[in-house]
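The chain contents come next:
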Amino acid sequence: MKKTLLATLLLSAAVSAQAQDIKFAMEPSYPPFEMTNEKGEIIGFDVDVANAICKEIQANCTFQSQPFDGLIQGLKQKRFDATISGMGITEARKKQVLFSDPYFASSAAFIAKKGTDFANVKTIGVQNGTTYQNYVAKEKPDYTMKSYASYQEAILDIQNGRIDAIFGDVPVLVDMITKTPELAFVGEKIDNPAYFGNGLGIAANLKNQALIDQLNKGLATIKANGEYQKIYDKWMTVK
C-alpha cells in the first residue's frame, strides 16, 4: 500500500513538473484581438487562442500588458516567453524573433468619417511599431502619417478632425466601426504580400524553437478539433 501511494505521489509530482509556465505579452487596446475588461483582465481573440493552445500542450499561460513597439525587444531580453498580439509575420521581424505557424490571415484597410472621399485623405493614423506603419511610410509617402501608441487615441483624433483616416487590420477596424457608427471603410482593402501576406503569428525568442514547436502542435490541434472555429465565431462574427 505504501509503495502504491508513493508511486501515485511521484507520478502526480512528475505531471505537475511537466506543466510549463508560459508568460505571454500583448498590447491590450486592440479589440477584438485583445482588450481589458471592467475587472482589469486582458481578454479577446488572442487570449482565447493562447488559452486553448496552452490547454492542449498542458501549459499554464499568463498574460501581461506591454506597448506594441516594445514586444520584440522584450522577447530579445527574455522579459516574457511569447507574444500574441495581432503581430504580422514579416521577413524583417523573422530576423529578430521566431514565429509560430499563422493563426490568423491578415489584410488591411482604411476607415474614415462617413462620406469621406478617399481622394481627399491627406493624414493617416497608424499604430506605432506595426506593419501598417511600415506600409504607409514606404508605400504611401505622399500622405502625412501620425503614429499612436494605441488606436484609441487615433479614434479621438479622427473624430476631432486631426487626421483624415485610420489604417489597420480589417477585424480591428470592423470593431471600431461597430462602436463608432460615424466611421466607415473608405478606399480598397490591401493584401500586399510583402506586408500582410503571411498572416499573424505568435512570436518567441530566436533561441526558443522548442516553445514554437509546442505552440504549433497546440495550434494544429485546436484547428483540427473545432475549438479554433468556436473562438473565431465568438470574436470575429459581426453581431
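The structure we're discussing is the one just above.
Overview of the structure. (Residues numbered from 1 in each chain as written. Predicted model: local features only at pLDDT ≥ 70, side-chain atom pairs only at ≥ 80, totals over all residues. Heavy atoms only, no water.)

### Description of the side chain of Asn-205
Topologically, Asn-205 is positioned in strand β12 (residues 203–205). For Asn-205, a relative accessible area of 13% translates into the label buried. At 2.9 Å, the side chain of Asn-205 forms a polar contact with the backbone nitrogen of Lys-207. Apart from the residues lying within four places of it in its own chain, the contact partners of Asn-205 are Leu-75, Lys-76, Lys-78, Asp-81 and Leu-98. (Helix = DSSP H or I, 4+ residues; strand = E, 2+ residues; numbered from the N terminus. Buried < 20%, exposed > 50% of the residue type's maximum accessible area, 1.4 Å probe, protein only. Polar contact = N/O pair within 3.5 Å; in protein donor to acceptor, adjacent residues only side chain to side chain. Contact = heavy atoms within 4.5 Å.)

### Focus on helix α6 (residues 151–159)
Each α-helix turn comprises 3.6 residues. Residues three or four places apart therefore point the same way. Residues Tyr-151, Ala-154, Ile-155, Asp-157 and Ile-158 constitute the buried set of α6. On an axial view of α6, the arc spanned by its buried residues comes to 165°, and they lie on one face. (Arc of directions from axis to C-beta.)

### Section: the sheet that holds strand β6 (residues 97–99)
What the 5 strands build is an open sheet, ordered β4-β1-β5-β12-β6; its pairing is mixed. Only two strands of the sheet have a single neighbouring strand rather than two, namely β4 (59–65) and β6. Pairing between strand β5 (residues 82–83) and β12: 2 bridges, direction antiparallel. Paired with Ala-82 across the bridge in β12 is Ala-204. In the packing of helix α2 (residues 45–56) onto the sheet, the strands contacted are β1 (20–26) and β4, and the crossing angle to β4 comes to about 160°. Against the sheet, helix α9 (residues 209–224) makes contact with β1, β5, β6 and β12, and its axis sits at roughly 90° relative to β1, the strand it touches most. (Pairing = 2+ DSSP bridges. Axes fitted to C-alpha atoms, helices over the stretch in contact; angles between N-to-C directions.)

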